[in-house]
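# Notes for the structure review
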Amino acid sequence: MANAEGKAVCVNITGFGDHIADTTLILDVGDHPFITKRSVVYYEKAALLDVVAIEKALTNPKIRNERRHDSCSLDLLARIRQGLITSKHTKTAIKNLCKVLWGM
């Protein structure tokens, strides 16, 4: 879901390890085909990205063939959203925007 300026909140998934302090949402193999090892959602780096630029990048054949992944399940999306709101590492501005966009 994008805001009025056409931007959407995006989060990064990274490997589980000592370098990431936020363990709000730990993902395991099987949560999504992209997840091949224990991972976490890196809420501290959540950012607003331009939806048009993302869609343009995804239509690039090189990116489409090498980096595009299946959509996540509604259950996983709900877990990611809940984690974004509850994580103490998510920037306040990002939390507030999501609460408005999600009608919270």
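Above: the structure in question.
Residues numbered from 1 in each chain as written. Predicted model: local features only at pLDDT ≥ 70, side-chain atom pairs only at ≥ 80, totals over all residues. Heavy atoms only, no water.

For the rest of this paragraph, the subject is the overall build of the chain. A tally of regular secondary structure across the chain gives four helices and three strands. Its helices and strands taken in sequence order, the chain reads β-β-β-α-α-α-α from the N to the C terminus. For the chain, the residues scored as buried account for 27% of the 104 residues in total. Put simply, 61% of the contacts in the chain that link residues at least 6 apart link residues at least 24 apart. Accessible surface for the chain amounts to roughly 7,000 Å². Of this, 54% is attributable to carbon and sulfur atoms. (Helix = DSSP H or I, 4+ residues; strand = E, 2+ residues; numbered from the N terminus. Buried < 20%, exposed > 50% of the residue type's maximum accessible area, 1.4 Å probe, protein only. Contact = heavy atoms within 4.5 Å. Areas by Shrake-Rupley, 256 points an atom, 1.4 Å probe, with all protein chains shown as cover.)

Now for the side chain of Thr 14. Assignment of secondary structure puts Thr 14 in strand E1 (residues 7-15). Discounting chain neighbours no more than four positions away, the residues touching Thr 14 are His 19, Ile 20, Ser 39, Val 40 and Tyr 42.

Further remarks concern the nonpolar core. In terms of nonpolar packing, the biggest core is built from 12 residues, these being Leu 25, Leu 27, Ile 35, Val 41, Tyr 43, Ala 46, Leu 76, Ile 80, Leu 84, Ile 85, Ile 94 and Cys 98. Top element by residues in this core is helix H3 (residues 74-86). It accounts for four residues. Leu 27 has contacts with Ile 13, Ile 35, Lys 37, Arg 38, Ser 39, Val 41, Leu 76 and Arg 79, leaving out every residue within four places of it along the chain. (Core = buried A, V, L, I, M, F, W, Y, C linked by side-chain atoms within 4.5 Å.)

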